[in-house]
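# Descriptive analysis of the structure
Single-letter residue listing:
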Amino acid sequence: LVFISSDSGSTTNFRSFEDGLGAYAASKAALNQGLRHLAAEMHRNSQLKSESQAKQKTVVLALHPGEVTTDMANVALDWEVEGIISPQESISCMLKVIAEKGLGGVDEGGVVSARNEGRKEEDGAATFWTWEGKRYPW
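Residues numbered from 1 in each chain as written. Predicted model: local features only at pLDDT ≥ 70, side-chain atom pairs only at ≥ 80, totals over all residues. Heavy atoms only, no water.

## Quick notes on the nonpolar core
To keep it simple, the criterion reads: As used here, the term nonpolar core means buried Ala, Val, Leu, Ile, Met, Phe, Trp, Tyr and Cys residues forming a set that is joined through side-chain atoms within 4.5 Å. Under the scheme applied here, a residue whose accessible area is under 20% of the maximum for its type counts as buried, over 50% as exposed, and between as partly exposed, the area being computed with a 1.4 Å probe on protein chains only. In this text, helices come from DSSP runs of H or I with a minimum length of four residues, and strands from runs of E with a minimum of two, each type numbered from the N-terminal end. Only heavy atoms matter for contacts: two residues are in contact if any of them lie within 4.5 Å across the pair.
V59, L61, L63, V68, I85, C93, M94, V97, W129 and W131 form the largest nonpolar core, which has ten residues in total. For this core, the secondary structure elements donating two or more residues are β2 (61-64) and α2 (87-101). With three residues, the top contributor of residues to this core is α2. Dropping the residues within four chain positions of it, W129 is found in contact with L61, A62, L63, H64, V97, K101, D107, G110, S113, K134, R135 and Y136. Of all hydrophobic cores here, the second largest spans eight residues; its members include A39, F128, Y136 and W138.

## A word on the pattern of salt bridges
Charged atoms that come close allow side chains of opposite charge to pair. In plain terms, the rule: We define a salt bridge as a contact between a side-chain nitrogen of Lys or Arg and a carboxyl oxygen of Asp or Glu at a distance within 4 Å.
For the structure on display, the rule yields six salt bridges. Between K57 and E108 there is a salt bridge; the shortest N-O distance is 2.3 Å. Here K57 is found in the loop between α1 (22-48) and β2, whereas its partner E108 is found in the loop between α2 and α3 (111-116), with 51 residues between them in sequence. What makes E108 buried here is its relative accessible area of 19%. With a shortest N-O distance of 4.0 Å, K134 and E132 are connected by a salt bridge. According to the relative accessible area criterion, E132 is partly exposed, its value standing at 45%. Salt bridges linked by common partners bring E100, K101 and D107 together as one network.

## So, the pairing of β2
Rules: When DSSP finds two or more bridges between a pair of strands, those strands are recorded as paired.
Residues of β2 alternate between two faces, with L61 and L63 on one and A62 and H64 on the opposite face, all of them buried. Bridging between β2 and strand β3 (residues 127-130) involves four bridges; their strand directions are parallel. When the bridges of β3 are listed, L63 appears paired with W129.

Set out below in structure tokens:
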């Protein structure tokens, strides 16, 4: 399951200069927290199934699409938006992340990259990524 989030929804990387987008940031933070609970509940429910039932694995990804040239990016802001990318670039890059981090990917759910970074990722945890394939903090 893939959901479009935003770096604005990270409570770890709060960006005070984004004043005026508080409702947007709060909605993305709520989405992120909901995804973490959804992933945990889906994982727990799959563990409760009897062995005779097929266990269904689900990978939950939150994706920050980048600073994309859309109508939303055309609003008057008090700061300069850096690193703007085209919708085509954003989509192409996110599809690569989904292929890599999604079900059956080489870094399914980010387990391999977490291990390489010395972290223990919970089984079935949702993960948050940028369009560049970098882990983003919740």
